[in-house]
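Each chain, letter by letter, is given below.
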There are 4 protein chains.
Amino acid sequence: MMLLSRMAQRGRPGRPPGRSARAQARLLSQVVDGCRRLLSERGESNSVAIAQEVLALYAGLTAEQRLAFFKLLDSDFGPDPKAVLEAAQRYAEAPEATRLMALIHAAEPPRQELLRRLNRASGGTAVIVEMRRTLLELLKTHPDLAAVEADFLHLLSSWFNPGFLQMEQVDWRSPAALLEKIIQHEAVHEIDGWADLRRRLQPDRRCFAFFHPQLPGEPLIFVEVALVAEMPAAVGPLIDVRSPPQTDERQYRVATFYSISNCQPGLKGVSLGNFLIKRVAEHLQREFPQLRTFCTLSPIPGFVAWLNQHAPGLREREDLPPKLKARLLQALAALVQHGGEPGAWSAVQPQQASEPLREALSLLAAFYLAHESVTPRGDPVAKFHLGNGARLERLNWAGDLSRKGLKQSLGLMVNYLYDLRHIEDHHERFVHGEVVASRALQRLL
Amino acid sequence: MMLLSRMAQRGRPGRPPGRSARAQARLLSQVVDGCRRLLSERGESNSVAIAQEVLALYAGLTAEQRLAFFKLLDSDFGPDPKAVLEAAQRYAEAPEATRLMALIHAAEPPRQELLRRLNRASGGTAVIVEMRRTLLELLKTHPDLAAVEADFLHLLSSWFNPGFLQMEQVDWRSPAALLEKIIQHEAVHEIDGWADLRRRLQPDRRCFAFFHPQLPGEPLIFVEVALVAEMPAAVGPLIDVRSPPQTDERQYRVATFYSISNCQPGLKGVSLGNFLIKRVAEHLQREFPQLRTFCTLSPIPGFVAWLNQHAPGLREREDLPPKLKARLLQALAALVQHGGEPGAWSAVQPQQASEPLREALSLLAAFYLAHESVTPRGDPVAKFHLGNGARLERLNWAGDLSRKGLKQSLGLMVNYLYDLRHIEDHHERFVHGEVVASRALQRLL
Amino acid sequence: MMLLSRMAQRGRPGRPPGRSARAQARLLSQVVDGCRRLLSERGESNSVAIAQEVLALYAGLTAEQRLAFFKLLDSDFGPDPKAVLEAAQRYAEAPEATRLMALIHAAEPPRQELLRRLNRASGGTAVIVEMRRTLLELLKTHPDLAAVEADFLHLLSSWFNPGFLQMEQVDWRSPAALLEKIIQHEAVHEIDGWADLRRRLQPDRRCFAFFHPQLPGEPLIFVEVALVAEMPAAVGPLIDVRSPPQTDERQYRVATFYSISNCQPGLKGVSLGNFLIKRVAEHLQREFPQLRTFCTLSPIPGFVAWLNQHAPGLREREDLPPKLKARLLQALAALVQHGGEPGAWSAVQPQQASEPLREALSLLAAFYLAHESVTPRGDPVAKFHLGNGARLERLNWAGDLSRKGLKQSLGLMVNYLYDLRHIEDHHERFVHGEVVASRALQRLL
Amino acid sequence: MMLLSRMAQRGRPGRPPGRSARAQARLLSQVVDGCRRLLSERGESNSVAIAQEVLALYAGLTAEQRLAFFKLLDSDFGPDPKAVLEAAQRYAEAPEATRLMALIHAAEPPRQELLRRLNRASGGTAVIVEMRRTLLELLKTHPDLAAVEADFLHLLSSWFNPGFLQMEQVDWRSPAALLEKIIQHEAVHEIDGWADLRRRLQPDRRCFAFFHPQLPGEPLIFVEVALVAEMPAAVGPLIDVRSPPQTDERQYRVATFYSISNCQPGLKGVSLGNFLIKRVAEHLQREFPQLRTFCTLSPIPGFVAWLNQHAPGLREREDLPPKLKARLLQALAALVQHGGEPGAWSAVQPQQASEPLREALSLLAAFYLAHESVTPRGDPVAKFHLGNGARLERLNWAGDLSRKGLKQSLGLMVNYLYDLRHIEDHHERFVHGEVVASRALQRLL
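Keep in mind it's a predicted model, so treat the numbers as computed, not measured.

For the coordinates displayed, the defined rule picks out 50 aromatic pairs over all chains. A ring pair is formed by W172 of chain A and W194 of chain D, whose centres lie 5.7 Å apart and whose planes are at 75°; its orientation type is edge-to-face. Taken together, the residues span two chains, with W172 of chain A in the loop between strand 1 (166-169) and helix 11 (176-185) and W194 of chain D in helix 12 (residues 193-199). Ring plane angle 35° and centroid distance 5.2 Å describe the contact between W306 of chain A and Y368 of chain A, whose orientation is recorded as tilted. Of this pair, W306 of chain A sits in helix 15 (residues 303-309) while Y368 of chain A is found in helix 17 (residues 355-370), placing the two residues 62 residues apart along the sequence.

Bringing the interface of chain A and chain D into the picture now. Listed by partner, the interface residues are ten residues for chain A and ten residues for chain D. Among the residues chain A hides against chain D, the three largest losses belong to W172, A176 and W194 of chain A. Together they make up 52% of the total. Between chain A and chain D we count two salt bridges in total. Where E180 of chain D meets R198 of chain A, a salt bridge forms, and the shortest distance between an N and an O atom there is 2.4 Å.

What follows concerns the interface of chain A and chain B. The interface is formed by 60 residues belonging to chain A together with 60 residues belonging to chain B. Taken together, the two surfaces of chain A and chain B that pack against each other cover about 4800 Å², and 63% of this comes from carbon and sulfur. Looking at the side of chain A facing chain B, the largest losses of area belong to R42, F164 and E424 of chain A, adding up to 15% of the total buried there. Between chain A and chain B we count two salt bridges in total. A salt bridge links E424 of chain B to R37 of chain A; the nearest nitrogen and oxygen atoms lie 2.4 Å apart. Connecting chain A to chain B are 18 residue pairs in polar contact (both at pLDDT 80 or more). The element best represented in the side of chain A that touches chain B is helix 10 (residues 146-159) of chain A, accounting for eight residues. Of the residues in the side of chain A that touches chain B, the class split is 29 nonpolar, 17 polar and 14 charged.

All right, on to the side chain of D379 of chain A then. All names here are of chain A. With respect to the helices and strands, D379 occurs in the loop between helix 17 and helix 18 (380-387). Despite its burial, D379 pairs with no opposite charge, the nearest such side chain being K383 at 9.4 Å. For D379, the side chain forms a polar contact with the main-chain nitrogen of G302, separated by 2.7 Å. Those residues in contact with D379 that lie beyond four places of it in its chain are P299, I300, P301, G302, F303, Y368 and L369.

In this section: the nonpolar core. By size, the foremost hydrophobic cluster in this structure holds 239 residues, and its most contacted members are F69 and F303 of chain C together with F69 and F303 of chain D. With sequence-adjacent residues up to four places away left out, F303 of chain D is seen in contact with L361, L364, A365, Y368, D379, Q408, S409, L410 and L412 of chain D.

The backbone phi angle of A398 of chain A is positive, close to 60°, even though this residue is not glycine. The residue A398 of chain A is located in the loop between strand 7 (391-396) and helix 19 (403-409) in this model.

With that settled, consider the pattern of salt bridges. Tallied over the entire structure, the rule returns 128 salt bridges over all chains. For E287 of chain A, the salt bridge is made with R206 of chain A, and the minimal N-O distance between the two is 3.1 Å. With E287 of chain A in helix 14 (residues 273-287) and R206 of chain A in strand 2 (residues 205-211), this pair connects stretches of sequence that are 81 residues apart. A relative accessible area of 7% means that R206 of chain A is categorised as buried. In this structure, R173 of chain B and D171 of chain B form a salt bridge, with 2.4 Å as the shortest nitrogen-oxygen distance. According to the relative accessible area criterion, R173 of chain B is exposed, its value standing at 62%. Each member of the salt-bridge network shares a partner with another, and the members are E44, E108, E113, R116, R117 and R120 of chain A.

The subject of this paragraph is the domain arrangement of chain A. Residue and element names in this part refer to chain A. Partitioning chain A into structural domains gives domain 1 (2-159), domain 2 (163-296) and domain 3 (303-444). Taking the mean C-alpha position of each, domain 1 and domain 2 sit 35 Å from one another. Contacts between the two partners involve 13 residues from domain 1 and, on the opposite side, twelve residues from domain 2. Of all residues in domain 1, T125, V129 and W159 give up the largest surface area on contact with domain 2, accounting jointly for 38% of the area buried on that side. Summed over the shared surface of domain 1 and domain 2, the number is zero salt bridges. Where domain 1 packs against domain 2, one counts three residue pairs in polar contact (both at pLDDT 80 or more). When residues in the side of domain 1 that touches domain 2 are grouped by element, the largest group, six residues, is from helix 9 (residues 124-139).

What counts, and at which threshold
Residues numbered from 1 in each chain as written. Chains lettered and ligands numbered in written order. Predicted model: local features only at pLDDT ≥ 70, side-chain atom pairs only at ≥ 80, totals over all residues. Heavy atoms only, no water. Phe/Tyr/Trp six-rings, centres within 6.5 Å; stacked < 30°, edge-to-face > 60°. Helix = DSSP H or I, 4+ residues; strand = E, 2+ residues; numbered from the N terminus. Contact = heavy atoms within 4.5 Å. Buried area = accessible area lost by both parts, 1.4 Å probe. Salt bridge = Lys/Arg side-chain N within 4 Å of Asp/Glu carboxyl O. Polar contact = N/O pair within 3.5 Å; in protein donor to acceptor, adjacent residues only side chain to side chain. Nonpolar A, V, L, I, M, F, W, Y, C, P; charged D, E, K, R; others polar. Buried < 20%, exposed > 50% of the residue type's maximum accessible area, 1.4 Å probe, protein only. Lys, Arg positive; Asp, Glu negative; His and termini not counted. Core = buried A, V, L, I, M, F, W, Y, C linked by side-chain atoms within 4.5 Å. Domains from an automatic or database assignment.

And the structure:
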C-alpha cells in the first residue's frame with residue numbers, strides 16, 4: 001500500500017528517471033492490456049495481483065499517456081449500443097426480472113467493473129481518487145470524457161458514502177502530519193503557521209474531519225467551529241491568535257461553522273460537506289446540550305464579481321418586482337456617486353464607508369444572496385448552505401477585513417442558520433426557487 | 001449505530017411487544033413513504049436522518065410485511081421500460097457521452113440509489129446485509145424477486161470489495177465475543193467448545209478473518225490454517241486437542257488451509273474466500289519464508305450423494321473415453337460386490353475396507369473430482385478451489401473419520417494445491433472445462 | 001521481555017533439558033557473581049544487560065539452588081551491623097541531614113538496591129514477583145528468611161502502589177487469554193467454564209481488575225459485582241447461568257461485591273483489594289448515579305472451623321458479658337440437641353433446619369463475626385472488610401448452598417456495607433477492637 | 001487526575017484568586033494535618049481520598065508555605081534518633097531477622113511512607129515530581145533540606161526505574177502537543193520552530209523519548225540521532241533544514257547521538273540518559289543491522305570557562321608529566337601570542353584561525369577532556385558520556401559555529417564512541433581515574 005499511496009500522493013505523471021523512451025512508449029499498452037486481463041474471466045482468479053500491477057504501471061504514465069488512457073476507457077470500455085438496445089427492447093416487451101437483469105448488465109459500462117477490480121489492490125482507492133483528479137483537469141479541455149468521469153463519480157459516491165466515513169475531532173493531540181494537512185488545505189481563512197492553527201484548536205474552537213478507512217491519515221474534508229455566546233458578525237476575532245480562549249463551557253450557546261474546506265480534489269462533487277456539518281451539529285449538541293443555535297459565518301466569494309459582471313444588467317431585468325428594481329438601481333447609482341466605478345469594484349474601506357454607501361451595498365448583497373442564489377449567477381457558498389437546507393440569516397458589514405475578504409465581497413459576510421427541524425422544508429423551497437431568509441433580511445428587501 | 005446493529009443482529013421480524021395491530025398495519029406504508037421521501041429531492045437534504053428512521057421502522061415489520069416490502073421494491077423502484085428504451089435508441093443512434101450518461105441513468109433501478117441512501121444511516125450497512133439475508137430466503141419461493149436481489153448483490157459486492165476489507169489474525173488474545181462467533185460459524189470441522197478452539201489457535205495453527213470497517217467485531221469469513229512439515233492426509237491429527245503444538249518454526253514447510261467458513265448469510269455470492277486465501281498465503285509467506293507449499297485439506301461433501309444419484313447413470317454416459325468408462329463400471333461392480341448397495345452408500349468403515357474396495361472408491365472419487373467438477377454435478381468445494389486456480393493434488397483415504405466425513409464422503413479427503421505462479425492458468429483452463437490434476441491423480445485415471 | 005516473562009510464568013525451577021550436572025552446579029555461583037557485579041560501581045554502567053543475564057541464569061536454578069540463593073541474599077546482602085551502629089550513634093549525637101543520610105544508607109540492606117537493579121531488565125518485575133512467590137513458600141520452613149522477604153514486600157508495595165495500577169473492566173470483549181485467567185483464579189465461587197463466566201459478564205454483572213503496566217495482560221486482583229435492586233441474601237441466584245440479565249439500568253440500586261480474588265501469589269500482603277473495591281465503587285457511582293448502596297455478599301470461611309475448634313471453649317471465656325455468654329452456651333446446647341456433634345460440625349441442611357437450630361447457629365455466627373473478628377480467632381474475610389472500614393450488616397441463612405459453602409459455614413453468608421462517608425471511622429474503631437454492626441445485628445446479640 | 005496534573009503543570013505556588021488571607025494562612029496546617037492523618041492507622045483505610053485532598057491543598061500553598069512545609073517534613077517526619085540507636089544496638093548484638101526488620105523500620109524516615117501514600121492519589125506522581133522541583137530550588141538556599149530531598153530522590157529513582165519506562169519514537173505522526181514539548185525542552189541545539197523540528201524527524205534522523213505510564217504524554221528525556229554514512233564532525237549539516245534526507249537505508253552506517261535533553265527538572269539526578277542511549281542503540285541495531293558505529297557528536301560546554309578559570313593555573317600543577325606540562329604551557333603562550341587574552345577567551349573565529357592557534361587550542365581541549373574529566377574541573381558532558389562507559393574518540397574543529405558553540409567551546413566539538421562490548425571496562429577505568437581515548441587523541445597528547 002505504501003508504494004501505491006506514495007504514487008497517489010506524488011500524483012505527478014511523467015517518466016521516472018532511468019526508464020528508456022522505448023520502455024516508456026510500451027507502458028500505455030501494458031496498462032491497457034492489464035485492464036483487459038483484469039476484466040477477463042482468466043484474470044478474475046488473480047485480480048488483486050493484476051490490479052496491483054496495473055496501478056503500478058499507471059503511475060509511470062506521462063501526462064499524454066494518461067489522456068490517451070482515459071480516451072481508451074471511453075472508447076473501448078463503454079457499453080455496446082446494439083446490445084443495450086436489444087436488451088431494452090426485450091425489457092420493454094416484457095419487464096421480467098431476467099430481462100431487467102440482462103438490461104442492467106448491458107447498460108453498465110465495463111469500465112465500472114474495471115474500477116471496482118482496480119480497487120481490490122491495496123491502496124487502490126487512493127489511486128482511483130487521484131485518477132479522477134487528473135481526469136477532472138483533462139475534462140476542461142476534453143469534454144468528451146464526461147461519461148468516463150461520470151463513472152468515476154458514480155463509484156466514488158458509493159464508496160465515500162457517509163455511512164462509510166469516520167468523523168474525528170482534530171485537536172492539538174492529533175499527529176503533526178495531520179495538522180500540517182489542515183494548515184495546507186484550509187481554503188477559507190488561511191492558517192498562518194502552527195501558532196495560528198493552535199488557536200483554532202483551543203477548547204472553544206473545534207475542528208472535525210471526515211476520514212475513509214482506506215485513506216488513513218488523509219482528511220477528506222474538515223470544518224472549523226467556534227463555540228461562542230452570540231452569533232458572531234466578524235471572523236477576525238474568532239481566529240485572532242491573541243484572543244483568550246473561553247473555557248467556561250456554560251457560555252457556549254452558539255456553534256458557528258466559520259470554515260469548511262475540501263482536501264481531495266479527486267472527490268469533487270461527492271457530497272461530503274452537507275453530511276459533515278450535520279454530523280458535527282449532532283455531535284456538539286450531545287456534548288453541549290446548552291447550545292441553542294447552529295449557524296455559519298460565511299464569506300460571499302462571488303459578490304464583487306457579480307457586482308462587476310451582472311449588477312449593471314439589472315436595468316434590463318424584467319423578472320423583478322418594480323419597487324425592488326427601483327431600489328436596486330438607486331443603490332447602484334449611490335455606489336457610483338460614492339466613488340465606485342461600475343464594473344470595477346474593489347476599493348471600499350468598510351470601516352470608513354459612509355452610511356448611504358453601506359446601505360446601498362447591503363441592499364445589493366442581500367439581493368445577490370436572496371434572489372440570485374437560485375440562478376446560475378448565484379454565490380457558490382450560498383448555494384451550498386441554502387441547498388443544505390439552511391436559512392439566510394444576517395448580513396455582516398465589515399465581517400472580513402482580510403485582503404481576500406475585501407477583494408471578494410468588500411468585507412461583507414453572512415450567517416446561514418441551520419435549524420435541524422426545518423432543513424427539509426428549506427431545502428425543498430430552495431429547490432423550487434425560493435430562498436428562505438430571516439425576517440430582518442426580508443424587511444431589508 | 002448500537003440500535004440498528006442490535007436490530008440487524010436480532011434479525012427476527014415481527015411485532016415488538018406493545019405495538020397495536022393497527023400501528024403494525026401502518027408500518028409498511030410508513031416504510032415505503034420513507035423510501036420515497038429519501039429518494040426525493042426534498043429528502044436529499046436530510047437523508048441521514050430519514051434513512052435512520054426508515055431502517056428503524058423496517059426493523060418492526062413482520063415477515064409478511066417484509067415480503068410485501070421487497071415486492072414493492074420490485075414493482076415500484078425499478079427502471080421505466082419506456083424511458084430506457086428511448087435512451088437506448090438515442091444512444092444507438094449516436095453514442096455520445098451525454099446520451100450514454102442518460103442511458104445509464106435510465107437503466108439503473110432507483111432502488112440502487114435507495115440502498116445507497118439507506119446506507120448513509122450509521123449502522124445501515126449491517127441492516128442492508130441482514131435485508132439481503134431475508135431476501136435470499138424469500139427468493140426460494142418468490143423467484144420474481146431475482147432482480148431486486150441482484151441489486152443488493154451488486155451493491156454489496158462493490159462495498160465489500162477486498163480493497164475495503166481488513167484481514168486480521170484471530171488468536172487467543174482476541175475478544176471472547178469474536179471467538180464465540182468463530183465457534184458458532186465454523187462450518188467444516190465443528191469446534192467443540194473453547195478447549196477445542198484453543199488448540200486451533202496455538203502457534204502452529206492460525207486463523208484469519210476478513211472484517212469490514214462498518215461491521216466492527218463481525219467476522220465476514222475466516223480460514224483456519226495448519227503450519228506443518230508435510231502435506232497432511234487426515235484432519236483428525238490437525239485438530240486433535242491433545243496433539244502437542246509444534247513450536248519450532250523451522251519445521252513449518254507447508255501451510256494447509258483445512259477449513260473456511262462464511263459468517264454472513266447476507267453476503268452469499270460476494271466473493272470473499274478466494275481473496276482471503278490468497279491474502280493469507282501472502283501474509284504467511286512473508287512471516288515464514290521457509291514455507292514451500294500452500295495447499296488445502298478439504299472435504300468432498302458431495303461424493304456420497306453423487307455416488308447414489310449420478311454414479312448409477314455412468315453406464316449411459318457417452319462422453320467418456322471407453323477405457324475409463326469400463327474401469328469406472330468395473331469399480332461400481334466392485335462396490336456392489338463388497339457389500340455396498342447402489343443408491344444407498346454410507347456404510348463403509350474406511351479403516352476396515354479391503355484393498356479392492358478402497359481402490360474402487362478412490363477411482364470413483366478421482367473421477368468425481370477431476371471430471372465432474374466442471375459439470376453441474378460437481379462437488380461445491382472442488383468447484384470453489386479449482387475455480388480459484390488451485391490444482392487437484394491428492395486423494396486421502398480415511399482422511400476424515402468424523403460422522404459427517406463418513407456420511408458425506410466415506411472418509412475421503414482431498415488436497416488442493418495453491419501455486420501462486422499458476423493460478424491464472426489453472427483458473428482459465430478450469431473455466432474452459434479442464435481440471436488440472438497432479439501427475440499421480442492423472443495416472444490413477 | 002518475552003523470554004523473561006515466559007520464565008516468570010513457567011515458574012517451575014529445575015534443570016532445563018540439555019544442561020550438564022556440572023554446568024548446573026556452576027549456575028548458582030554465576031547468579032551470585034552477577035548480583036555482586038550488578039551492585040558494583042563497574043556494573044552500574046551496564047546494569048540493564050547484567051540484570052537481564054542474572055535473571056536468565058536465575059530461571060535455570062533448581063529448587064535447592066533457589067533456597068541457597070535466598071540464604072545468600074540474607075547472609076551476604078544485608079546491612080553491616082557495625083556500620084549501622086556507628087551511623088546511628090553519630091545521628092543520635094547530632095541529628096543533621098548528612099548524618100541522617102549516612103544512617104539511612106547504612107541501614108538499608110544492599111539487596112534492596114540489588115532488586116531495584118534487577119528490575120531494570122525488561123520483564124524484570126514479573127521475575128521479581130515470581131521470586132517472592134518462591135520465597136513465601138520457602139519461608140514456611142525457613143523463617144530466618146523473613147528479613148529477605150520483608151525487603152521484597154517493601155519494594156513490591158512501593159511499585160504496586162495503587163497510583164501505578166490501572167483498573168480495567170473485564171467483559172466479554174476482553175481477550176480470551178485474560179478471561180481464562182479469571183476462570184482459573186476465581187477463588188470464592190468457582191467459575192465452571194465459559195458459559196458460567198459469561199453470565200458474570202452480562203450488563204448487570206461487572207468484573208474489574210487491577211493491572212500493572214509492567215505486567216500487561218496479567219490481572220493482579222479482580223472483583224465481581226452484581227447490580228441489583230436489593231441487597232441480596234444468597235449467591236446462587238446471582239451466578240445462576242439461567243438467570244435472565246436485568247438490562248433496565250433504572251433497577252440498579254445496589255452494587256454487591258460478591259467475589260474478590262487475588263491472581264498473584266507473589267504479591268501476597270501488598271494491599272490491593274481495599275483499593276480496588278473503593279475505586280470500583282467510585283467508578284460505578286459515576287456510571288450509575290442511582291446506586292444507593294455498596295455492599296458485599298461474603299462467605300464466612302472460618303465459621304465451622306471456629307465452631308469446632310473454639311466454640312467449645314466459650315464456657316471458659318471470662319471476657320464476655322454474662323448474659324451473652326449464657327445465650328451462647330444455650331445455643332451450643334441447642335446444637336447438640338439438634339444432632340450436631342461438638343467439634344465435628346458440617347452436616348446441617350440449611351433448608352431443612354428447624355427454627356431453633358437456625359436461631360442457635362445465627363447467634364453463634366453473629367458472635368463469631370461481631371466479637372471474634374478483632375481476635376486472632378476471627379474470620380479472615382471479616383477481618384478484611386471490617387479492616388477496610390465496612391460495617392457488618394446482615395447475616396443470611398442458606399446464602400450459599402454449594403458444597404464449599406455448606407462445609408465452611410453451613411450455608412451462612414454475610415453482607416458488609418461500604419459507606420464511603422464512614423469508612424475512616426469504622427476502620428479506626430475496628431483497629432481499636434470494636435466491630436461496627438447494623439442495629440439488627442446488635443439486637444440479635 | 002486532570003486536576004492534579006494541571007496543578008503539577010502549573011507548578012507556580014500562590015494564592016488562587018478568591019481565597020481570603022485567613023483561609024490561606026490555615027492552608028499549611030491543613031496540609032500537615034492531612035499528612036499526619038494519612039500516616040495514621042485511621043487514615044490507612046481511606047488513604048487514596050486523603051492523599052487526593054492533601055495534594056489539592058498543597059497546590060494552593062504560597063512559596064513561603066511550601067518552604068515551611070518542607071521544613072516540617074524535615075523536622076517532624078524523620079526517624080527518631082533514640083529509637084534508631086536502640087534498634088541498631090539490638091541488631092549489633094544479634095543480627096537476627098526480626099531485629100534487622102525492626103532496625104530498617106526505625107531508620108526509614110516516615111516521610112518516605114508519606115510520599116508513597118501521597119502517590120496513591122491519581123495524578124500523585126506528577127505532583128511529587130513537581131514538589132521535588134520546588135525542593136531542588138529551595139535546596140540552594142536551604143541546604144538543611146538535603147535529607148528531605150534525598151528521600152524524594154530515593155523514591156523517584158525507584159519509581160522511574162528504567163524497567164518501568166517506555167521508550168517511544170517521536171516522529172511527525174506524534175501528537176503536536178508532544179512535539180511542542182520537544183521544541184521547548186531541546187537543550188543542546190535549539191529547535192527554531194516546526195520546520196526546524198521537522199527536519200530532525202525525517203527518516204534519517206530519529207528522536208526517542210522515555211515516558212512513564214503515570215505521566216502520559218510527558219516526555220521525561222529525549223535523544224536525537226542522525227543516521228549517517230560516517231562519523232560526523234560538525235553539527236550544522238546534521239540539523240540544516242535544507243539538507244536533503246538520506247532515504248537510502250543502506251547508507252546508514254553510523255548512528256550519532258547529537259542531542260540529549262531532560263524535560264523534567266523534578267527528576268534531576270534520576271539516571272535516565274544512560275539507559276535511554278543504550279536502549280536506543282539496541283533498538284537501532286535491530287532495525288538497521290548494517291549500523292557499525294554508535295557515537296555522539298557532543299558539545300564541550302565547559303571548555304572556555306575552564307580556559308579562563310583553570311588553564312592559567314596549569315603552571316602551578318605538579319601532577320602532570322613534565323613533557324605534557326611543557327607543551328600545554330607552550331600552547332597557552334601561543335594563544336596569547338595569537339591575540340587571546342588569558343582569562344577572557346571568547347573571540348576566536350574557528351574558520352579564520354591560523355594553524356598554530358588551532359593546534360594550541362586542540363591540545364588544550366584534548367587535555368581538558370582526557371585529563372580533567374576525572375576531576376571536579378571536568379566537562380559535565382564528558383563526565384556523563386565517559387561515566388556511561390563511552391570512549392573519547394575525536395576532537396572536531398569548527399564543529400559548532402552557532403553563537404552558543406563559539407561562546408562555550410570556540411566551536412570545538414567532540415565525538416564519544418559507544419562500543420557496547422567495552423562499556424563496563426571503560427566505565428570502571430573512568431571510575432578509577434582513567435579516561436579511555438582513541439589512539440589518535442592519545443598521540444595528540
